[in-house]
Amino acid sequence: MTEQKNSYRQIMKATSLFGGVQFFQILISVVRSKFVAILLGPAGMGVVGLLTSTAGLVGGLTNFGLGTSAVKNISEANASGDKDRISTVIAVLRRLVWLTGLLGALVTLLLSPWLSEFTFGNRDYTVAFAWISITLLFNQLNIGEMVLLQGLRRLQHLAKANVYGSLTGLIITIPLYYKFGVRGIVPVIIITTFITLFFSWYFARKIKTENVPISQFILSTEGKGMMTMGFMISLSGLTTMIAAYLIRIFINRTGDVADVGFYNAGFTIINTYVGMIFTAMGTDYYPRLSMVAKDNARCKENINQQSEIALLILAPILIFFLVFVNWAVILLYSSQFLAITGMVYWAVMGIFFKAISWAIAFIFLAKGAGRLFFWNELASNIYTLILNVLGYYWGGLTGLGVSFLLSYLIYLLQVFIIAKVKYHFAFSASFILIFSVQFLLAMLGFAAVSMMRQPYVYLPGIVLIGISTWYSFKELEQRIGLKGIIQNSIQKIRKNNCL
């Protein structure tokens, strides 16, 4: 029982830590966007977006997904406790990120005239892409250091590297844009990627490893698994980007460009502001699951625990979004974007299914089932695209929210069946109870906002938020002793203030 409570506490600790990091990074992103908008104007922002997205596309095609696949290898080596094994895997990873980083930089450099032509319709930005090519090497080296910290579960160092890199990048970005304007775009991109690399390298070098010689044979045998799995992950990411591109094209041609903007805004709320919880949890969850990947029973236990914590944290937030989505849209955007509220209502309900399917799908990565992961995600992207097209055609923006819900309901059934057949996965009774209670409360919230006008919906809405929060607190108290953790934190704060 103590071991189980420690596992729940580890999940909560990592989620709290990286939830704070994600919130801080989003805040920095908002501040940076405001200053860039003021100092560079819409045209300058467009240039920044096109340069970085094009470089990101080349990076996605040449980095072989090492940022995800290598976490599994390092986690498994770490679980073995064999220092020589850990050092070997780390050395192979560092060699591979150099090779793939140089590949990305070389491709960008050689194709810079054509990248400029394709992106901007002319070759005026050839020199810009030539300079930016170095950032593909910096980014890949940074990925290697971040993977090392994540795989070895040095979470405090990983969090500090993220925060320090983002904050320092912001501090340097603003003066450069203020002094040089549009001419500062390329220097800023290069300097900020170097700063990010510096902090990840600084914290990763605190990890003591043995210097082991890496022969061509070791590089080939150890690196094959990383590269093969990573290649499948890269292909999966590419299909996701293509599907997202196609639905935007369809919306633009069937409706108008304003609806594309509404679509982007709505799913930014869902995938960025709500989705940061998934990013926070996944930072520790993936390496933790990889460490027990060979034991199906322990995988089942980890997935159920992660799903329970995800729902207990997310449910009150999702019901809050249901009740106060209008205020959230106005705060994040403006009253002009209130057209997306219907879409967000349905998408919020879909997040319940996304949370569960997200936790299950990690088992494919943890098990190293690269081909299974690719085909699973490809199938998902195909029917998601079809549902999005049908949803928008028949229901406009609200139809896109309905398609989001249906897509993740189907995806949950898909990953559950695969995991049950291949890895003997099943939901625990405690998880089923938590899901039933919280989803029922969300359905009542959805019914309230659908049938009642504002401000009358706020009273029952607040009651539902309160019940969901109380239930989550009660369940978390049973699992991790949340009340004691809060009291200890308050005492530490008071003690520090007294000092």
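In what follows, the accompanying structure is described. Predicted, not measured: the structure shown is a model, and the values here were computed from it. The residue numbers shown here count from 1 along each chain, following its written sequence. Owing to the predicted nature of the model, reporting of local features is limited to residues with pLDDT of at least 70; listing and counting of side-chain atom pairs is limited to 80 or more, with chain, interface and lining totals taken over all residues. Water and hydrogen atoms play no part in the side-chain values, which are based on all heavy atoms of the structure.

Quick look at the pattern of salt bridges now. Think of a salt bridge as a Lys or Arg side-chain nitrogen and an Asp or Glu carboxyl oxygen that are within 4 Å of each other. The full count for this structure, using the stated rule, is six salt bridges. In this structure, glutamate 145 engages arginine 94 in a salt bridge whose closest nitrogen and oxygen atoms are separated by 3.1 Å. Of this pair, glutamate 145 sits in helix α5 (residues 126-151) while arginine 94 sits in helix α3 (residues 83-110), placing them 51 residues apart in sequence. We call a residue buried when its accessible area falls under 20% of the maximum for its residue type, exposed when it is over 50%, and partly exposed in between, using a 1.4 Å probe and counting protein chains only. Residue classification places glutamate 145 among the buried positions, given a relative accessible area of 10%. Here arginine 94 falls in the partly exposed class, since its relative accessible area comes to 29%. In this structure, arginine 479 engages glutamate 308 in a salt bridge whose closest nitrogen and oxygen atoms are separated by 2.8 Å. Helix and strand definitions follow DSSP, with helices as H or I runs of at least four residues and strands as E runs of at least two, each counted in order from the N terminus.

On to the nonpolar core, then. Side-chain atoms within 4.5 Å link the members of a nonpolar core, which is a set of buried Ala, Val, Leu, Ile, Met, Phe, Trp, Tyr and Cys residues. With 144 residues, the main nonpolar core has Leu51 and Leu289 as its most contacted residues. Ranked by the residues each element gives to this core, the list is headed by helix α12 (residues 341-366), at 20 residues. It only takes one pair of heavy atoms within 4.5 Å for two residues to be counted as in contact. Leaving out residues up to four positions away in the same chain, leucine 51 has contacts with Phe120, Ala128, Phe129, Ile132, Ile185, Val186 and Ile189.

What follows concerns the side chain of glutamate 475. As for its placement among the helices and strands, glutamate 475 is situated in helix α15 (residues 458-480). Not counting residues up to four positions away in its chain, the partners in contact with glutamate 475 are Leu312 and Ile434.

We now examine helix α2 (residues 66-80). Helices are assigned an expected span. That span is 1.5 Å times one less than the residue count. End to end, α2 covers 21 Å across 15 residues, agreeing with the expected 21 Å (1.5 Å per residue, within 8%). Along α2, the residues that are buried comprise Leu66, Ser69, Ala70, Val71, Lys72, Asn73, Ile74, Ser75 and Ala77.

A few words on a positive patch on the surface. The grouping of Lys160, Arg205, Lys206 and Lys208 at the surface amounts to a positive patch. Its location among the elements puts lysine 208 in the loop between α7 (185-204) and α8 (216-254). Two joining distances apply to patches: 9 Å for like charges and 5 Å for nonpolar side chains (Val, Leu, Ile, Met, Phe, Trp, Tyr), and every residue must have over 30% relative accessible area and no salt bridge. The protein chains shown are the only cover counted for residues, whose accessible areas, like all others here, come from Shrake-Rupley with a 1.4 Å probe. Counting rule applied: Lys, Arg positive; Asp, Glu negative; His and chain ends not counted. Here the site of a charge means atom NZ of a Lys, CZ of an Arg, CG of an Asp or CD of a Glu.

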